[in-house]
Amino acid sequence: MTSDLPLPLAIWSRAAGPGAAWVKPRLKTAENAVVSVALFAMVLIPLAESFLRRTFQVGIPASTTVVQHMVLVVGMLGGAIAAREGRLLSLSTLGETALRGRAKSASRIFTSSVSAAVSAFLCLASYQFVETEREAGRILAYGIPASVVEWVLPLGFAVIAIRILLHTSEKWVPRVLVVLGAALLVAVVLIWPGGFHHSVPIAMFVLLLASVLGMPAFATLGGAALILFWGADQPIAAIPIAQYALVTNPSLPTLPLFTLAGYFLAEGGAPKRLVRVFYALFGQFRGGPAIVTVLVCALFTSFTGASGVTILALGGLLMPVLTGASYSEKDSLGLLTGSGSLGLLLPPCLPLIVYAIVARVPIGQMFLGGIVPAVVMMAATAIWGIRRGSASDTTVRRFEPKEAQIALWDAKWELAMPVVASVALFSGLATPVEAAAVTAFYAFVVEAVIHRDLRIFRDLPRVMAECGLLIGGVLLILGVSLGFTNYLVDAEVPAQAVAWTTHTIHSPLLFLLLLNVFLLVVGCLMEIYPAIVVEVPLLVPLGAAFGIDPVRLGIIFLANMELGYLTPPVGLNLLMSSYRFKKSVPEVLHSVLPVVLVLTLGVLLITYIPALTTALPRLFGY
């Protein structure tokens, strides 16, 4: 198989026969190794900087700059890995789920052509940006020109374009059609008579159709930015400039570092140890298995930032626990599917960090604001699970102090991890990036050194590549969409939305109700990360106009997105549970509907009781 290779290498590999079969796995290994090295550098440099600063009152020159540009490398290479694995996030899956046969093949060729064309133009725009930087002669650090590292932008988009082409089909005829389609789109844009601004509606329609059929989200948002900049006769290099500014944001390294900590936990032996300790503590109660499910799932999602990972990592462990306690298969499936998203409001979850960066809210403030609402959502789900505990389950499960003591001792390092992260983050002893590095390093030591569940040379590159894939997919969307957002701001779209809304709606309570309805619709149609970068810049000014605290607005937004994980057509938890437990999506949806209703009640409580969100930030002086 040569489907993941760039086109010239694929042709060469087929021509060379079995002797060239080593190319593809070695390219994959090399990519994984570079991501692993970059992530480890992001962990070790802040730790060394903090140690040297506090011990010898000296620092590492340009350490902050180096770490920020490691995020750029991880982001673009992680996006290329996501394209390699065919796992770029999309706004819609209609083309894959609703179409069959030739219609499905035609849909893939069309969406791949548009995606490849957009990637090619983003590559061109990035090249223009890098050339400008090279001519300016800006030095990054240690005499290294900034343009040397910035070359990862055009190269990354070029690789993504090639891999989108190759993932269209295993056959060469569809691939050739994609090449021709992408080339035609590029040619039309470049030679369009009379200027492109006359054709913006047509181009937007083509982009919308491709997006509905399943084009990757980064191509949708990047394509919209390209079209709008062309229509306004503005240089498209503004898009990679915005992407570069976002990815090298001083706070952004916290995002991959906290996520890396979660991946170390999920891929090690932590799931078994934590399930054991919570079951030892709560298993003797009626509904105890439900409490165990809620607590363990929430903890894992808070660190991985991906509820799908939680379902895959814990589903096989927790399903027997629930069914063994006489929970019906339907209730067990619904509880596991619904619990997967519960940790989204707990620090240091990835969506909290992304929202804080996009909305320009202090990360610590968002972390504190999410704790009580997260407890509300967890409590509501646990109460439902307790009430669903089978009345016919007469099995007596006594509390066994010795088993609880052994389980607690065995899981002591994992149980201490939230404390380590919180103390590092809120004590003032470390910057947010240093706190995230401490947390990631602690998780590495626990899983790879103390428990030895992860082998350094065999497992760590795979785990870190998986983390890089998630981070790359998210940063790819965030980066290109910032250009789109900047265009909207320049066009005064948020200001016009504020003016219209405040003129039409006068009650903050009514605004919050309509906001919840709107966000529920958004959650049904969009993944959480595209939703954040598209909707938040529009909603923050609206919330300010109605006097709504920005942290409260953010938690309301993310609480609604929790429901989005459980609602079709984009509900990730539905798809993951369907895959993990070999059930149809409608069957999973039917099982999780009661949990959705319970979580909806929790969202309403969070929306209309401001103190749930604002009390902790105010207590800590925010």
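Numbering of residues starts from 1 in each chain and follows the order in which that chain's sequence is written. In keeping with the predicted nature of the model, local features appear solely for residues at pLDDT of at least 70, side-chain atom pairs appear and are counted solely at 80 or more, and the whole-chain, interface and lining totals rest on all residues. Values shown for side chains rest on all heavy atoms present in the structure; no hydrogens or waters enter the calculation.

A word on the nonpolar core
Applied cut-off: Residues belong to one nonpolar core when they are buried, are Ala, Val, Leu, Ile, Met, Phe, Trp, Tyr or Cys, and are joined through side-chain atoms within 4.5 Å. A simple rule labels every residue: compare its accessible area, found with a 1.4 Å probe on the protein chains alone, to the largest value its type can have, and call it buried under 20%, exposed over 50%, or partly exposed in between. Where each domain starts and ends comes from a domain assignment, either automatic or drawn from a database. The contact rule is simple, with two residues in contact once any of their heavy atoms fall within 4.5 Å.
Counting 185 residues, the largest nonpolar core has Phe218, Phe264, Met366, Phe557 and Leu558 as its most contacted members. Per-domain counts for this core show at least three residues from each of domain 1 (61-248) and domain 2 (254-620). In contact with Met366, other than residues within four places in its own chain, are Leu352, Tyr355, Ala356, Val361, Val551, Gly554, Ile555 and Leu558.

Overview of the environment of Phe399
Operational definition: Comment: elements are numbered from the N terminus, with helices defined as DSSP H or I runs of at least four residues and strands as E runs of at least two.
By the secondary structure assignment, Phe399 is in the loop between α18 (363-387) and α19 (401-410). We classify Phe399 as partly exposed; its relative accessible area is 40%. When the C-alpha atoms of Phe399 and Tyr279 are compared, they prove to be 9.9 Å apart, with 120 residues separating the residues in sequence. Apart from residues no more than four positions distant in its own chain, Phe399 is found in contact with Ala280, Leu281, Gln284 and Ala404.

Description of the pattern of salt bridges
Side chains that differ in charge, positive against negative, can pair when their charged atoms come close. Inclusion rule: By salt bridge we mean one thing: a side-chain nitrogen of Lys or Arg within 4 Å of a carboxyl oxygen of Asp or Glu.
In this structure the tally under the stated criterion is 18 salt bridges. Arg84 serves as the salt-bridge partner of Glu31, at 2.8 Å between the closest nitrogen and oxygen. Taken together, the residues span a long stretch of sequence, with Glu31 in helix α2 (residues 23-56) and Arg84 in helix α3 (residues 63-84) at a distance of 53 residues. Owing to a relative accessible area of 12%, Glu31 belongs among the buried residues under this scheme. Linked by salt bridges that have partners in common, Lys28, Glu31, Arg84, Glu85 and Arg163 make up one network.

Observations concerning the packing of helix α17 (residues 350-359) against helix α27 (residues 550-564)
Under the convention used in this document: Comment: axis = line fitted to C-alpha atoms, over the contacting stretch for helices; angle = value between 0 and 180 degrees taken between N-to-C directions. Comment on the angle field: the value is read as roughly parallel under 35 degrees, roughly antiparallel over 145, roughly perpendicular from 65 to 115, and oblique elsewhere. Left-handed describes a crossing whose near helix is turned anticlockwise from the far helix through less than a right angle; right-handed describes the clockwise counterpart. Throughout, the ten residues Ala, Val, Leu, Ile, Met, Phe, Trp, Tyr, Cys and Pro are labelled nonpolar, Asp, Glu, Lys and Arg are labelled charged, and all others, Gly among them, are labelled polar.
For the pair α17 and α27, the least separation of the axes is 11 Å and the interaxial angle reads 135°. Classed by the angle they form, the pair α17 and α27 counts as oblique. Relative to α27, the crossing made by α17 is right-handed. Contacts between α17 and α27 involve Pro351, Leu352 and Tyr355 on the former and, on the latter, Pro550, Leu553, Gly554, Ile555, Phe557 and Leu558. Of the residues assigned to the contact of α17 with α27, the class counts are eight nonpolar, one polar and no charged.

Description of the domain arrangement of the protein chain
To keep it simple, the criterion reads: Simply put, the buried area is the total loss of 1.4 Å probe accessible area from both parts when two parts are fitted together. Pairing of N or O atoms within 3.5 Å defines a polar contact, subject to two protein rules: one partner must be a possible hydrogen donor and the other a possible acceptor, and residues neighboring in sequence count only if both atoms are side-chain atoms.
We note that the domain assignment places domain 1 (61-248) and domain 2 (254-620) within the protein chain. Taken over C-alpha atoms, the centre of domain 1 sits 29 Å from the centre of domain 2. Tallying the contact residues gives 31 residues for domain 1 and 28 residues for domain 2. For the pairing of domain 1 and domain 2, the buried interface totals around 2,500 Å² over both sides, and the portion due to carbon and sulfur atoms is 81%. At the junction of domain 1 with domain 2, the criterion picks out one salt bridge. For Glu466, the salt bridge identified is with Arg87, shortest N-O distance 2.5 Å. Linking domain 1 with domain 2 are one residue pair in polar contact (both at pLDDT 80 or more). Mapped by element, the contributors of at least two residues to the side of domain 1 that touches domain 2 are α3, α7 (152-166), α10 (217-231) and α11 (238-247).

As for unusual backbone geometry
The peptide bond linking Pro347 to Pro348 adopts the cis configuration, its omega dihedral lying at 5°. Here Pro348 is to be found in the loop between α16 (329-339) and α17. Despite not being glycine, Arg452 shows a phi value in the positive range, around 60°. Within the element layout of this structure, Arg452 appears in the loop between α22 (432-450) and α23 (460-490). Residue Arg452 is classed as exposed on the basis of its relative accessible area of 67%.

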